Amino acid sequence: TRGVNAVALTGDSRRALSASDDQTLKLWNLASGECLCTLEGHTSHVNAVVLTGDGGRALSGSGDLQHSNYDLHFWDLETGACLRTLTGHAGPVMAVAMTSDGRRALSGSADKTIKLWDLETGACLRTLTGHINWVTAVAMMNNGQRGLSGSQLLKLWDLETGARLGDLNGGHANRVAAITVTD
């Protein structure tokens, strides 16, 4: 078997979605331990996953290379269908975050950029630059108005304008693996 790279829980903590090196995502019933479905469509390791607030949709990021770009998949968990494929990163997608309503998302990549996505249209709204290492963690806050990204440093962003609001320096000798934000 291959390694699990990321796990996301539904808001009610009844189901979990795991992302794996085996190129799949699996939706689990946590009470029974049963695998409810397997989402297939990635062609490389799946590095990151996030769920909408209602647990009905998911966004996954991977090392998939399609026409010189790396991609993300936006999934409907009721049907198991990939609703949209988002392309544009020049390196593997390492991290994803999404607004609770599932309308916008952030992705962080080995290409050292962060992209803001409109999930309804699939459009990349903006690309944020400034990291000197792979972006391995991202988070969204204030209903998608602010973003936080991590490589070795943490950077705070105004997602409406694309302006970098500041850097949180010091403390980490290596990459930031995850970011959690509280309201």
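Notes on the structure follow. (Residues numbered from 1 in each chain as written. Predicted model: local features only at pLDDT ≥ 70, side-chain atom pairs only at ≥ 80, totals over all residues. Heavy atoms only, no water.)

The next thing to look at is the pairing of strand β9 (residues 93-98). Burial runs high along β9: 5 of the 6 residues are buried. Here β9 runs beside strand β10 (residues 104-109); their pairing, made up of 5 bridges, is antiparallel. Residue pairing in the sheet places Val93 in a bridge with Ser109 of β10. Linkage of β9 to β10, two consecutive antiparallel strands, is achieved through a turn of 5 residues, within which Gly102 is found at a positive phi near 75°. (Buried < 20%, exposed > 50% of the residue type's maximum accessible area, 1.4 Å probe, protein only. Helix = DSSP H or I, 4+ residues; strand = E, 2+ residues; numbered from the N terminus. Pairing = 2+ DSSP bridges.)

What follows is about the sheet that holds strand β5 (residues 46-51). The 4 strands lie next to each other as β5-β6-β7-β8, forming an open sheet whose pairing is antiparallel. Lying at the two open borders of the sheet, with one neighbouring strand each, are β5 and β8 (82-89). Mean inter-strand twist for the sheet, computed between neighbouring axes without regard to direction, equals 25°. The sheet contact formed by strand β6 (residues 57-66) and strand β7 (residues 69-76) spans 7 bridges and is antiparallel. Bridging across to β7, Leu65 finds its partner in Tyr70. (Axes fitted to C-alpha atoms, helices over the stretch in contact; angles between N-to-C directions.)

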